[in-house]
Amino acid sequence: MNAASDKKREARASEYMHWAKTRSHARFNLATSGLANLTLRELQVSLDNLEITGESGYGYQPLIQALSDRYQVDAACVVTAAGTSFANHLAMAALINPSDEILLETPAYEPLLALAHYLGAEVKRFQRRFEDGFRISPAEIERTLGPRTRLIVITNFHNPSGVLTDDDTLKEVGELATKRNARVLVDEVYLQMLFAEPPRTAFHLGNQFVVTSSLTKAFGLSGLRCGWILAEPEIARRMWLLNDLFAATPVHAGERLSVVALKQLSGIAERAQTRLDSNRETLNRFLDTRNDLEVIRPPFGSIMFPRVKQGTTERLCNLLQEKYETSVVPGSFFEMPAHFRVGLGGDSETLAEGLDRLGEALDEVRL
Ligand SMILES: Cc1ncc(COP(=O)(O)O)c(C=O)c1O
C-alpha cells in the first residue's frame, strides 16, 4: 500500500481525536486546549428554559438571532452546527468538490487535515515556521496557490501555537483567494479568547471569508455543542440544505441551553479571562526557568507549543504520562515531533502541579 492510499484509509478517522478521547486523560491534564467545563449549576438554568422539541428545521430562530446580534451579521449568514468540528465539516463539504485543491497550514489541527482527505480534496500545505513566530506568510500562500485551489484553511488563533493572525494579513490572504476564485475558511474557535466586544471575526473582511466557531473553548461549554458558521447567504443556504444529509435537525434542548448561555456570556467571559491571565503568568514563570525549551509566548489564549532544544518529545510525553501522571499533547500530532502543546485553561492548582512534574520529566530525559 503506498503513502497516498494510506492517507485515504486514515481519512475515515482522526488519529488525534482518538488519542484525545482515549489516551490524553491524566491526573494533571495539560493536554486540553479549552477552559475547564462549566457545570449546569453554574449556568443558572430553570426547567422552564428547556423543551424537547421545537421549531428548528433550518435553525432555531432565538439562537440564530442571538448569534446574529453577537457578531453583527445578517441572520441569513448564520448556520448552526454541532461544535466547531461539525461546522468545519459542513463548511468544507459545501465549499469543495472531490479532487479540488485546498491549501492548509502546517502545523495543522489534525482533524482538519483528516477531514480534507476524507472529502477527497487534493491537499497542499503552506508553512507557519517556528522561526517566523508561526506567522502566516501571504507570499508563501501566493506561491502555493494553483488554478484548482478552491479553499485556504487557517486557524485563528493558530492551533497548536496560539498565535494570532492580524486582519491585514488575513485581508492579503483574502485578496489572493479572490484572484483565484477561492475562499478562505477561518476556524476562530480560539479567537473568542480575545474576549472582545463585539467579538472580532474575519467574516467582516470580505465575502470570500467563511468562519467557524463555537462556545467550546473560550467559555467551558463544550458539552452544549453550540457551533456555527458565518457565510454569505447563498453559501449559508447551501450548508443548511447539505445538513439535511447529515444531522438534519439539531438537539433542541441543546439549542435552548445555548440561548441561555449566550445571555450569560459576558460574566462567563470575565471569569475565563481572569483564569487565563493568572495561568499564563504561572506558565511564563515556569518557562523562564527552562533553558532546554524554546517557545513563542502569545499574550492571550489557552495554548503554547514549546520545542525541546534537543531530540523529540515522544519519550518525554510517555514518561510524563506513565511516571508523573501528567499529559501534554505530543507534537507529532501536529507534524512537529520536537514540540509539545500545553494547555493553560484548567484549574490553577492542576496547572502548577502539572508544570512541576513537567520540569521533573524534562530533567529526567536530559540525564
Ligand atoms: C482549531 C480547532 N477547531 C475545532 C476544534 C473542535 O471544537 P468543538 O469542540 O467546538 O467541536 C478544536 C478542538 O480542539 C480546535 O482546536
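Here's what I pulled together on the structure shown here. Predicted, not measured: the structure shown is a model, and the values here were computed from it. (Residues numbered from 1 in each chain as written. Predicted model: local features only at pLDDT ≥ 70, side-chain atom pairs only at ≥ 80, totals over all residues. Heavy atoms only, no water.)

## Comments concerning the overall build of the protein
The test is simple: Each helix corresponds to a stretch of at least 4 residues labelled H or I by DSSP, and each strand to a stretch of at least 2 residues labelled E; elements are numbered beginning at the N terminus. Throughout, the radius of gyration refers to the C-alpha atoms, and the reference size of a globule is 2.2 Å times the residue count to the power 0.38. Throughout, the Shrake-Rupley method with a 1.4 Å probe supplies accessible areas, and for residues the shown protein chains are the sole cover considered. This count recognises Lys and Arg as positive and Asp and Glu as negative, with His and chain-terminal groups excluded. Think of each charge as sitting on NZ of Lys, CZ of Arg, CG of Asp or CD of Glu.
Assigned secondary structure in the protein consists of 14 helices and 14 strands. Relative to a compact globule of 367 residues, whose C-alpha radius of gyration would be 21 Å, the protein shows 20 Å and is just as compact. With respect to the principal axes defined by its C-alpha atoms, the protein has extents near 60 × 55 × 40 Å. Counting only carbon and sulfur atoms, one obtains 49% of the accessible surface of the protein, whose full area is about 16800 Å². Side chains of the protein give 41 positive and 47 negative charges; the mean places of these two sets differ by 3 Å.

## Points about the packing of helix α13 (residues 314-324) against helix α14 (residues 348-366)
Applicable threshold: The axes are straight lines fitted to the C-alpha atoms, using for helices just the contacting stretch, and the angles between their N-to-C directions are given from 0 to 180°. Roughly parallel refers to an angle under 35 degrees, roughly antiparallel to one over 145, roughly perpendicular to one between 65 and 115, and oblique to any angle outside these ranges. With the far helix as reference, a near helix turned anticlockwise by less than a right angle produces a left-handed crossing, and one turned clockwise produces a right-handed crossing. Only heavy atoms matter for contacts: two residues are in contact if any of them lie within 4.5 Å across the pair.
In the contact formed by α13 and α14, the axes pass within 9 Å of each other and the chain directions differ by 125°. The orientation of α13 relative to α14 falls into the category oblique. As α13 runs across α14, the sense of the crossing is right-handed. Residues Arg315, Leu316, Leu319, Leu320, Lys323 and Tyr324 of α13 form the contact with α14, whose own contacting residues are Arg357, Leu358, Glu360, Ala361, Leu362, Glu364 and Val365.

## Considering the site of the ligand
Spelled out, the test is: One heavy atom within 4 Å of a molecule or strand is enough for the residue carrying it to be called near that molecule or strand. Distance and chemistry together define a polar contact, namely a pair of N or O atoms within 3.5 Å, with one atom able to donate a hydrogen and the other to accept it when in protein, and with adjacent residues in sequence counting only for side-chain atoms on both sides. Each residue gets one label: Ala, Val, Leu, Ile, Met, Phe, Trp, Tyr, Cys and Pro are nonpolar, Asp, Glu, Lys and Arg are charged, and the others, such as Gly, are polar.
Within the structure, the ligand sits among 14 residues, and Ser85, Asn159, Asp187, Tyr190 and Ser214 are positioned closest to it. Contacts to the ligand include Tyr190, whose side-chain N or O atom sits 2.7 Å from an oxygen atom. In the model, an oxygen atom of the ligand is placed 2.7 Å from a nitrogen or oxygen of the Ser214 side chain. Looking at the shell around the ligand, the elements that each hand over two or more residues are α5 (83-95) and α9 (216-219). It is α5 that contributes the most residues to the shell around the ligand, 3 residues altogether. Residues of the shell around the ligand, tallied by class, amount to 3 nonpolar, 8 polar and 3 charged.

## Description of the nonpolar core
What counts here: Here, nonpolar core refers to any group of buried Ala, Val, Leu, Ile, Met, Phe, Trp, Tyr and Cys residues whose side-chain atoms link them within 4.5 Å. The classification of residues rests on relative accessible area computed with a 1.4 Å probe and restricted to protein chains. Under 20% of the type maximum is buried, over 50% is exposed, and intermediate values are partly exposed.
Counting residues in hydrophobic clusters, the biggest one holds 118 residues, and the most contacted among them are Met92, Ile152 and Met239. In contact with Ile152, not counting residues within four places along its chain, are Leu103, Phe126, Ile141, Leu145, Val173, Ala177, Arg183, Val184 and Leu185.

## Some points on the pattern of salt bridges
Formally: Basic side-chain nitrogens of Lys or Arg form a salt bridge, by our definition, when they fall within 4 Å of a carboxyl oxygen of Asp or Glu.
The tally for this structure, following the rule as stated, stands at 22 salt bridges. Of the charged contacts in the structure, one is a salt bridge between Arg285 and Glu281, with a shortest N-O distance of 3.8 Å. Of this pair, Arg285 and Glu281 both sit in helix α12 (residues 265-288), separated by 4 residues, roughly a single helical turn. Note that Asp288 and Arg297 form a salt bridge whose closest N and O atoms lie 3.0 Å from each other. On the accessibility criterion, Arg297 (35% relative accessible area) is partly exposed. What emerges from the salt-bridge pattern is a single network uniting Arg27, Glu325, Glu353 and Arg357.

## Thoughts on the environment of Ala94
Mapped onto the elements of the fold, Ala94 is located in helix α5. Beyond its immediate chain neighbours, meaning those up to four positions away, Ala94 contacts Arg238, Met239 and Leu242.

## Observations concerning the pairing of strand β4 (residues 122-127)
To keep things clear, this is the line we draw: What makes two strands pair is DSSP finding at least two bridges between them. Crossover handedness is defined here as right-handed if the route from the first strand over the helix to the second strand goes clockwise, with the strands pointing away from the viewer.
Pairing of strand β3 (residues 101-106) with β4, which is carried by 6 bridges, proceeds in the parallel orientation. Directly across from Thr106, in β4, lies its bridge partner Gln127. The handedness of the β3 to β4 crossover, carried by helix α6 (residues 110-118), is right-handed.

## A word on the packing of α5 against α6
Two numbers describe how α5 lies on α6: the axes approach to 10 Å, and their chain directions differ by 35°. In this structure, the crossing between α5 and α6 has a hand that is right-handed. Contacts between α5 and α6 pair Asn88, His89 and Met92 from the former with Leu112, Leu115, Ala116 and Tyr118 from the latter. The residue inventory of the contact of α5 with α6, partitioned by class, reads 5 nonpolar, 2 polar and no charged.

## Concerning α13
Selection criterion: In this description, the arc belongs to the directions extending from the helix axis to the C-beta atoms.
Burial in α13 covers these residues: Leu316, Cys317, Leu319, Leu320 and Tyr324. The arc that holds every buried residue of α13, seen down its axis, measures 165°, which confines them to one face. For α13, exposure combined with an orientation more than 90 degrees from the buried face picks out Glu314, Arg315 and Glu322. Looking at the packing, one finds that the buried side of α13 touches β1 (28-29), β11 (307-308), β12 (326-327), β13 (329-330), β14 (340-343) and α14. Downstream of α13 by a residue or two, Glu325 has a phi angle that is positive, lying close to 50°.

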